[in-house]
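Summary of the model geometry
Listed below, chain by chain, are the residues.
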Amino acid sequence: MRRFVDIGANLTDPVFRGIYRGKTVHQDDFNCVLDRAFNIGMQKIIVTAGCKNDIIDALELVRNNCNLFTTVGVHPTRCNEFDTLGDPETHLDYLKSVIMKNMNKVVAIGELGLDYDRTQFCSIESQKKYFELQLKTCIRKLSYHYFCIHEIVHQTFIEIISRWRDQLFWRCGSFIHWFCRGG
């Protein structure tokens, strides 16, 4: 049997509970989705948590399943959360605290990075600022793996990663999810 690890499962999305755009469309089939995945050889699933609410939901999902793990971080389209939830450093401290308290289930910081395809949710400047802030945390505070998203912004992404390259790749380990429309 083949063996797989899903490293970016958005399992906190309500569609897995049968809810689409606020309306119940079918019965909750979350456990059936997991069963199908494990039956075809999925060994581990890493739930992607990209904002405070996702983090809370993801930790609840993974807590009692030895095959589920999660990330903790702020997705670029949600990085306004650093400002709207109060002081950015306080929010970063919250993220670090969650990671430290759940090290047996949190396997990476993320999903962090840049997503210029959806700037209606968060400005380019905020995305760059908080991408770098989270990278600094990976390096200086936690020496933790990180999971990056890179949507149609190759040059800027490379510039930011390059500033931290030597420290990041030797101390942390990483996965970069790269998406580019049109090839």
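Look above for the structure.
A brief structural summary. The structure displayed is predicted, hence computed values, not measured ones.

Its place among the elements puts Ser126 in helix H5 (residues 124-142). Filtering out sequence-adjacent residues up to four positions away, Ser126 remains in contact with Cys79 and Asn80.

Let us look at the pairing of strand S6 (residues 106-115). Across a regular strand the side chains alternate sides, sitting on one face of the sheet and then on the other. Burial within S6 is extensive, with nine of its ten residues counted as buried. Pairing geometry for strand S5 (residues 68-72) and S6, over three bridges, is parallel. Considered in S6, the bridge of Val72 is made with Ile109.

On to the pattern of salt bridges, then. Within this structure, the stated rule accounts for seven salt bridges. With a closest N to O distance of 3.0 Å, Arg17 and Asp28 form a salt bridge. Of this pair, Arg17 sits in the loop between strand S1 (4-9) and strand S2 (19-20) while Asp28 sits in the loop between strand S3 (23-24) and helix H1 (30-39); the two residues are eleven residues apart in sequence, bridging distant segments of the chain. Its relative accessible area of 32% is what places Arg17 among the partly exposed residues. Between Glu132 and Arg163 there is a salt bridge, and its shortest N-O distance comes to 2.7 Å. Here Glu132 is found in helix H5, whereas its partner Arg163 is found in helix H6 (residues 154-171), with 31 residues between them in sequence.

Cut-offs used in this document
Starting from 1, residues in each chain are numbered consecutively following that chain's sequence as written. The predicted origin of the model limits local features to residues at a pLDDT of at least 70 and limits the giving and counting of side-chain atom pairs to 80 or more, whereas totals for whole chains, interfaces and linings rest on all residues. Based on all heavy atoms of the structure, the side-chain values leave hydrogens and waters out of the count. Helical segments are the DSSP runs of H or I of at least four residues, strand segments are the runs of E of at least two, and each set is numbered from the N terminus. Note on contacts: a residue pair qualifies if any of its non-hydrogen atoms lie within 4.5 Å across the two residues. Only protein chains enter the accessibility calculation, which uses a 1.4 Å probe; a residue is then buried when its area is under 20% of its type maximum, exposed when over 50%, and partly exposed in between. Strand pairing is assigned whenever DSSP identifies at least 2 bridges connecting the two strands. What makes a salt bridge here is a side-chain nitrogen of Lys or Arg within 4 Å of a carboxyl oxygen of Asp or Glu, nothing more.

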